[in-house]
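# Results of the structural survey
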Amino acid sequence: MTDDPRAPTGQAGLFVGDGALSGFAGRLGEIEAALQDSGITISTIARLRLERGSFGEGVVALSDLPARYESVLARLEDFVRIRQEAMEALGIVTLLSERGYEAVELEQRQRLHAIMAGWEERYATDRAGDGPDRR
């Protein structure tokens, strides 16, 4: 056992050199920026909403199409939000791994807790069967 708190523990193959995680966190930021530049964001999904009349009024076979379309948009919006939160959380966890808990800004630690709490709530709802329609 060593007195150095940064000394690797567990398997020797898991050791990451100084500064390696900072590069990884920077790469995560680049990936998230590229994903946002791809055009699939919460705001672009919001622009995909259509009026009920856009689906054709009076056609019985299309009567459930608006509800299904809205369901797909809601699921897509959830996916994009979760993806953004996951990238953000991974970046914060990377900083925690490299610097230690106390060396990471309080705002970032609080944001990580907020993301995790939101996921816990979302998945508890899904497990209870009250989640989004999965047709």
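Structure first, text after, so check above.
Residues numbered from 1 in each chain as written. Predicted model: local features only at pLDDT ≥ 70, side-chain atom pairs only at ≥ 80, totals over all residues. Heavy atoms only, no water.

Turning our attention to the overall build of the protein chain. When its secondary structure is counted, the protein chain shows 4 helices and 0 strands. Helices and strands in the protein chain line up, N terminus first, as α-α-α-α. In the protein chain, buried positions account for 19% of the 135 residues. When the accessible area of the protein chain is evaluated, it comes to approximately 9700 Å², of which 57% is carbon and sulfur surface. (Helix = DSSP H or I, 4+ residues; strand = E, 2+ residues; numbered from the N terminus. Buried < 20%, exposed > 50% of the residue type's maximum accessible area, 1.4 Å probe, protein only. Areas by Shrake-Rupley, 256 points an atom, 1.4 Å probe, with all protein chains shown as cover.)

The next point concerns helix 4 (residues 106–127). Along its 22 residues, helix 4 runs 31 Å from first to last C-alpha, staying within 8% of the 32 Å computed at 1.5 Å per residue. Every buried residue of helix 4 is listed here: R109, L112, I115 and W119. Along the long axis of helix 4, the arc covered by the buried residues comes to 120°, so they all point the same way. Residues E107, H113 and E121 are exposed on helix 4 and point more than 90 degrees away from its buried face. (Expected span 1.5 Å × (residues − 1). Arc of directions from axis to C-beta.)

This part takes up the side chain of E77. The residue E77 is located in helix 3 (residues 65–99) in this model. With residues near it in sequence (within four places) discarded, E77 still touches I42, I45 and R49. (Contact = heavy atoms within 4.5 Å.)

Contact geometry for helix 3 and helix 4: axes closest at 10 Å, N-to-C directions at 135°. It follows from the interaxial angle that helix 3 and helix 4 lie oblique. With respect to the hand of their crossing, helix 3 and helix 4 are arranged in left-handed fashion. Every residue of helix 4 that contacts helix 3 at R81, I82, E85, A86, E88, A89, I92, V93, L95 and L96 is listed here: Q108, R109, R111, L112, I115, W119, R122 and Y123. Of the residues contributing to the contact of helix 3 with helix 4, the split by class is 11 nonpolar, 1 polar and 6 charged. (Axes fitted to C-alpha atoms, helices over the stretch in contact; angles between N-to-C directions. Parallel < 35°, antiparallel > 145°, perpendicular 65-115°, else oblique. Left-handed = near helix turned anticlockwise from the far one by under 90°. Nonpolar A, V, L, I, M, F, W, Y, C, P; charged D, E, K, R; others polar.)

This paragraph deals with the environment of W119. Mapped onto the secondary structure, W119 falls in helix 4. Excluding residues that lie within four positions of it along the chain, W119 makes contacts with I82, E85, A86 and A89.

The analysis is restricted to geometry; functional conclusions fall outside its scope.
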